[in-house]
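Topology and contacts: notes
What follows is the residue order along each chain.
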Amino acid sequence: MKGFAILGIVIHHWFLYIPHYNYLPVLSSIAVKLSSIGGTLVHLFFILSGYGLYISYHNNGINSWILWAKKRVVKILIPYWIIVLFTYLLINNFQSILPHHLENGYSSLSLLSYIFLFRNIYPPSWGLNYTFWFMPVIIGLYMVFPIFVRILEKYGARYFLFISLLINYISITFFVVFDLPIGHQSDWFMFYIIQFSLGILLAHHSVNKIFSLYHISTLKLCFLGFTLYALSLFIKNSWISGSYYNDIFTSAGGFLIVFCIYRWITKFNLRYFIEIFGKLGKESYTIYLIHYPLIMLLVEPTSNSSLKIMTESSFMLISGVVFCLLVLPISIIISKSLNNILSVLSH
């Protein structure tokens with residue numbers, strides 16, 4: 001499922017940062033809407049992260065949460081720091097060939113805001129990598145994972161969900177009421193606790209054989225997924241603050257829809273798709289780390305300068321998929337290099 005999620009996210013950013021034009025209104029409208037849907041698949045990563053962490057916790061056990069945290073720092077943060085540092089050095093030394101918003105470079109404080117994960121509260125740094133708002137959020141969720149596991153195992157699923165919902169929506173409401181910055185670039189990890197908790201709960205119920213989505217028919221899950229997604233759109237469009245409170249429905253709906261697609265692909269044994277999405281899923285983190293720098297430092301400058309590419313929106317959908325598939329082998333090569341560095345650092 002990570003393969004579906006990363007493909008949707010890359011296509012969404014492809015549309016956001018590459019100029020495109022609507023020569024075919026109907027097809028263009030469909031393409032743009034699909035790209036927007038792809039952007040909402042970022043919520044899947046919060047659910048899947050909670051799910052994966054709990055599965056690992058259950059299968060391997062935790063003797064020391066400090067060692068567990070150290071392992072995550074090596075696996076998650078060091079590759080991120082390497083990409084941030086490389087991007088920073090590249091932008092600050094080759095401004096003349098970069099897009100306009102990168103021409104002036106970035107200060108050392110901007111670099112530190114990424115390294116120490118306070119970039120979401122330091123707006124001058126955002127343009128260095130707009131997609132890295134995700135990193136302080138996911139690391140924050142990793143930090144509270146031991147606490148949430150304790151709550152789930154000591155007090156049960158209902159209390160666990162209640163606490164998660166309470167923290168999630170009290171945090172959002174506080175920011176809304178006091179007119180504090182809220183939005184992807186300035187998000188806090190508390191805003192995504194319910195998605196993370198849903199993943200933890202699904203894993204907990206699965207390993208303890210309490211509940212499994214595989215016990216429910218695909219059609220029912222698909223219908224529920226589309227219903228939740230429609231409810232999310234209704235809340236967003238009918239309430240001025242709806243976009244702050246609809247994420248739970250977007251997340252659950254998107255998750256169920258992608259889960260159904262995954263089941264159908266598996267059921268009909270579509271090996272090519274299984275293999276491609278499997279590889280995309282395996283390399284999803286590296287693809288996430290490098291796709292924005294590749295778009296902004298290689299593709300976007302070309303489209304805005306010498307070639308003057310006039311790209312029709314409906315074609316952008318195809319070119320976005322092609323771009324993601326081209327990034328895949330690059331990600332595999334980079335992953336191997338990063339793994340070699342990490343193996344040295346872990347000894």
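All chains use their own residue numbering, which begins from 1 and follows the written sequence. Local features in this predicted model are restricted to residues of pLDDT 70 or higher, and side-chain atom pairs are both shown and tallied only at a pLDDT of 80 or more, whereas totals for entire chains, interfaces and linings draw on every residue. Note that water and hydrogens are dropped before the side-chain values are worked out from all heavy atoms of the structure.

1. Remarks on the overall build of the chain
- Where helices and strands are cited, they refer to DSSP runs of H or I of at least four residues and of E of at least two residues respectively, numbered from the N terminus. Scanning the chain from N- to C-terminus turns up 14 helices and zero strands.
- Counting from the amino terminus, the chain carries its helices and strands in the arrangement α-α-α-α-α-α-α-α-α-α-α-α-α-α.
- A simple rule labels every residue: compare its accessible area, found with a 1.4 Å probe on the protein chains alone, to the largest value its type can have, and call it buried under 20%, exposed over 50%, or partly exposed in between. Relative to its 347 residues, the chain shows a buried fraction of 49%.
- Expressed as a percentage of contacts within the chain between residues at least 6 apart in sequence, the contacts between residues at least 24 apart total 76%.
- Exposure was quantified through the Shrake-Rupley algorithm and a 1.4 Å probe, taking into account, for residues, occlusion by the shown protein chains and nothing else. Accessible surface, the chain as shown: approximately 18,100 Å² in total, 70% of it carbon and sulfur. Residues are treated as being in contact if the distance between any of their heavy atoms lies within 4.5 Å.

2. So, the packing of helix α1 (residues 2–17) against helix α12 (residues 271–282)
- Taken N-terminus to C-terminus, the directions of α1 and α12 make an angle of 75 degrees; their axes are 7 Å apart at the nearest point. By the criterion of interaxial angle, the relationship of α1 to α12 is roughly perpendicular. Along the contact surface, α1 presents K2, G3, F4, I6 and L7, while α12 presents F277, L280 and G281.
- Across the contact of α1 with α12, the residue classes break down as five nonpolar, two polar and one charged. With axes taken as lines fitted to C-alpha atoms, and helix axes fitted only over the stretch in contact, angles between N-to-C directions fall between 0 and 180 degrees. Note that the term roughly parallel is reserved for angles under 35 degrees, roughly antiparallel for angles over 145, roughly perpendicular for angles of 65 to 115, and oblique for everything else. Note on residue classes: Ala, Val, Leu, Ile, Met, Phe, Trp, Tyr, Cys and Pro are nonpolar, Asp, Glu, Lys and Arg are charged, and everything else, Gly too, is polar.

3. A look at the pattern of salt bridges
- By definition, a salt bridge exists where a carboxyl oxygen of Asp or Glu is found within 4 Å of a side-chain nitrogen of Lys or Arg. Counted under the stated rule, the structure contains one salt bridge.
- In this structure, the salt-bridge partner of K279 is E275, at a minimum N-O distance of 3.3 Å. Here the residue K279 and the residue E275 both occupy positions in helix α12, the gap between them amounting to four residues, near one helical turn.
- In this structure E275 comes out as partly exposed when scored by relative accessible area, which is 45%.

4. Points about the confidence of the model for the chain
- What pLDDT reports is the predictor's confidence in each residue, on a scale of 0 through 100. Considering every residue of the chain, the mean pLDDT works out to 84; 89% of them sit at 70 or more.
- When mean pLDDT is taken per element in the chain, helix α7 (residues 157–177) scores highest with 94 and helix α2 (residues 25–40) scores lowest with 74.

5. Quick notes on α1
- The first and last C-alpha atoms of α1 sit 22 Å apart over 16 residues, in line with the 22 Å expected at 1.5 Å per residue.
- Where burial is concerned, most of α1 is hidden: 13 out of the 16 residues are buried. In a helix, the anticipated span is given by 1.5 Å times the number of residues less one.

6. Some words on a nonpolar patch on the surface
- Taken together, Y155, Y159, F162, L166 and I170 make up a surface patch of nonpolar side chains, about 520 Å² in accessible area.
- Looking at the element boundaries, Y155 is found in helix α6 (residues 134–155). To count toward a patch, a residue needs a relative accessible area over 30% and no salt bridge; like charges are then connected within 9 Å, while nonpolar side chains (Val, Leu, Ile, Met, Phe, Trp, Tyr) are connected within 5 Å.

7. Concerning the nonpolar core
- As used here, the term nonpolar core means buried Ala, Val, Leu, Ile, Met, Phe, Trp, Tyr and Cys residues forming a set that is joined through side-chain atoms within 4.5 Å. Within the largest apolar cluster, 94 residues are counted, with the highest numbers of intra-cluster contacts made by F132, F134 and F145.
- Broken down by element, the residue count for this core peaks at 13 residues, all from α6.
- Those residues within four positions of F134 in sequence are excluded, and the remaining contacts are V42, F45, F46 and Y288.

8. Regarding helix α9 (residues 218–238)
- Over its 21 residues, α9 runs 30 Å from end to end, which matches the ideal 30 Å to within 8%, given 1.5 Å per residue.
- T218, L221, C222, G225, L228, Y229, S232 and I235 are the residues of α9 that are buried. Along the axis of α9, the buried positions cluster into a sector of 155 degrees, meaning they face one direction only. Opposite the buried face of α9, by more than 90 degrees, sit the exposed residues L219, K220, F223, F226, F234 and N237. Throughout, the arc means that of the directions going from the helix axis to the C-beta atoms.

9. Focus on the environment of V322
- Position of V322 among the secondary structure elements: in helix α14 (residues 313–345).
- In this structure V322 comes out as partly exposed when scored by relative accessible area, which is 41%.
- Separated by 311 residues in sequence, V322 and I11 place their C-alpha atoms 9.6 Å apart.

10. Here's the deal with the environment of Y192
- Looking at the secondary structure, you find Y192 in the loop between α7 and α8 (193–207).
- Between the C-alpha atom of Y192 and that of N168, which follows or precedes it by 24 residues, the distance is 6.6 Å.
- At 3.3 Å, the side chain of Y192 and the side chain of H184 are in polar contact. Identification of polar contacts relies on pairs of N or O atoms within 3.5 Å, with a donor-acceptor requirement for protein atoms, meaning one able to donate a hydrogen and the other able to accept it, and with residues adjacent in sequence counted only if both atoms are side-chain atoms.

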